[in-house]
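Notes for the structure review
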Amino acid sequence: MRGYHPYTGSHRHGGTGVRELSGARSGTEAVRLAEDHSTHNYHPLPVVLAYGEGAWVTDMEGKRYLDCLAAYSALNFGHRHPRILAAARAQLDRLTLTGRAFYHDQFGPFCQELAELAGMDMVLPMNSGAEAVESALKVARKWGYQVKRVPDGRASVVVAENNFHGRTISLVSFSTDPVTHDEYGPYTPGFRIVPYGDASALTRAIDDTTVAVLLEPVQGEAGVIVPPPHYLPAAREICTRRNVLLIADEIQSGLGRAGATFACERFGVVPDLYVLGKALGGGVLPVSAVVGRRDVLGVLRPGEHGSTFGGNPLACAVGRAVVRLLRTGEYQARARSLGQRLRARLDELVGQGVTEVRSLGLWAGIDVHPALATGREVCERLAAKGVLAKDTHGSTVRLAPPLVIEADELDWAVDRLAAVLRELRG
Ligand SMILES: Cc1ncc(COP(=O)(O)O)c(C=O)c1O
């Protein structure tokens, strides 16, 4: 096993001059600067990271941690994957930004290769995940007016309860989480919210104005909620029957995490539009995209949508490296087999302080008994033992390690979780 003793000198940050580069003298000072000078819109664990490699990160004091969050699946290929870094470095030495006023030599190949990976025709490149979801919604409305012939201004989109699609005004308008939603009104109209996993409710919500159903194939931020097996196939069937676009937000679930290139594949479903982000940027920079068929994405005309940085040369070079990694199928297979191992180990903890485990691929939501501890407390104790994970919704701990993690490292992380639960149970 590579480096599971958090404090051993040989496993420190590979000799890099962390302190010299950091701009803060200590972890404590770095936290103070952040707290004093940044908005408090996150509540990070008190860990100041300065170095990362593969599944491991090192803090300013040289303590090592196994990263079991992987930047919410943005680090599916681990920290600083050599192939991704090589592509980024090569591109840094050639051309980094053009704007879309000109073509550049990475753009066409990136779009073609990503479309091919998805079995689709076209790509609309963006930067952040939220931006890509917004873009998919704009495309769906345009398609609704031009192709489905919905009366102007009447288009509706059906979304699910407990969704998380990002933080823009329109996306928080249809969030059912008060923390995400409240006090950002007036809200964008045109969205209908139905319970997740309930195909009949979906059917009832659709009418002649409906242009799209927007779903996460697995709800990540809600706590890794895996829908019943019939749900996505039923949603596909309803959308086809009612001439409605099925938009799969695979920003967190896609690109290997769920044990397939797309989580939709695990349910035998092909959506009309994929929304991708996070891991598409290889853990290097924000890269997102909407991927779909020509008859849908083809509705956009010059000037109708865009982004200064979307599809820039550096992003495309990195995105192409990501597509090349995914084409091997290796990461999807790792997520599937390691995921089974993780699930078996986590199931042993049910009744030992854990009330429920949900998972798909290498991605798990673990509900801790509320009387025992909050998810946050568990994550703090895990961090002290050298494992980084993230709580969500009070009592859930989410595990989404990089897909390059080794089986014995994964076992080690679960052993640490078991030890935390034992401590808490006294
Ligand atoms: C399913 C899903 N959609 C959209 C987003 C938003 O992505 P970003 O934070 O890059 O805007 C996220 C982020 O967690 C997500 O999980």
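Relevant structure appears above.
Numbers given to residues run from 1 along each chain, matching the order in which its sequence is written. The predicted origin of the model limits local features to residues at a pLDDT of at least 70 and limits the giving and counting of side-chain atom pairs to 80 or more, whereas totals for whole chains, interfaces and linings rest on all residues. Calculated side-chain values reflect all of the structure's heavy atoms, with hydrogen atoms and water omitted.

The environment of the ligand is formed by S128, G129, A130, F164, H165, G166, E216, E221, D249, I251, Q252 and K278. For this analysis, a polar contact is any N or O atom pair within 3.5 Å, provided that within protein one partner can donate a hydrogen and the other can accept it, and provided that sequence-adjacent residues contribute only side-chain to side-chain pairs. G129 is positioned with one of its backbone polar atoms (N or O) 2.8 Å from an oxygen atom of the ligand. Contact with the protein chains hides 81% of the accessible area of the ligand, taken as 390 Å² for the molecule alone. Considered class by class, the residues forming the shell around the ligand number three nonpolar, five polar and four charged. Residues are classed as near a molecule or strand on a simple rule: at least one heavy atom within 4 Å of it. For the area figures, the Shrake-Rupley method with a 1.4 Å probe applies, and any residue is considered shielded solely by the protein chains shown. Throughout, the ten residues Ala, Val, Leu, Ile, Met, Phe, Trp, Tyr, Cys and Pro are labelled nonpolar, Asp, Glu, Lys and Arg are labelled charged, and all others, Gly among them, are labelled polar.

The strand order 1-2-3-13 describes an open sheet built from four strands, whose pairing is mixed. Edge positions in the sheet fall to strand 1 (49-53) and strand 13 (387-388), since each has one partner strand and no second. At least two DSSP bridges between two strands are required for those strands to pair. Per the convention used, a helix needs a DSSP run of H or I reaching at least four residues, while a strand needs a run of E reaching at least two, with both numbered from the N terminus. Note that strand 1 and strand 2 (residues 56-59) share four bridges and pair antiparallel. Across the sheet, residue G52 finds its bridge partner in strand 2, namely V57.

Here we take up the side chain of T392. Along the chain, T392 falls in strand 14 (residues 390-392). For T392, a relative accessible area of 8% corresponds to the buried category. Here E221 takes part through its backbone oxygen, which lies 2.7 Å from a polar atom of the side chain of T392. Residues within four places of T392 in sequence aside, it is in contact with E221, G223 and R398. Any residue under 20% of the maximum accessible area for its type is buried, any over 50% is exposed, and the rest in between are partly exposed; the area is computed with a 1.4 Å probe on protein chains only. By definition in these notes, contact holds between two residues if any of their heavy atoms fall within 4.5 Å.

The next point concerns the nonpolar core. By nonpolar core is meant a set of buried Ala, Val, Leu, Ile, Met, Phe, Trp, Tyr and Cys residues that side-chain atoms within 4.5 Å join together. Of all hydrophobic cores here, the largest spans 103 residues; its most connected members are L114 and L346. Ignoring anything within four residues of it in the chain, the contact list for L346 reads V357, A364, I366, L399, V414 and L417. Counting 30 residues, the second largest nonpolar core, distinct from the first, contains A140, V159, V275 and V299.

Tracing the sequence through the fold places E216 in the loop between strand 7 (210-215) and helix 10 (231-241). Looking at E216, the relative accessible area reads 7%, which means it is buried. If sequence neighbours within four positions are ignored, E216 has contacts with N162, N163, F164, H165, Y196, E221 and D249. Among the polar contacts listed, one links the side chain of E216 to the backbone nitrogen of G220, at a separation of 3.4 Å.

Along helix 10, the residues that are buried comprise Y231, L232, A235, R236, I238 and C239. In this fold, the buried residues of helix 10 make contact with helix 9 (199-205), strand 7 and strand 8 (245-249). N243 sits one or two residues past helix 10 and shows a positive phi near 55°.

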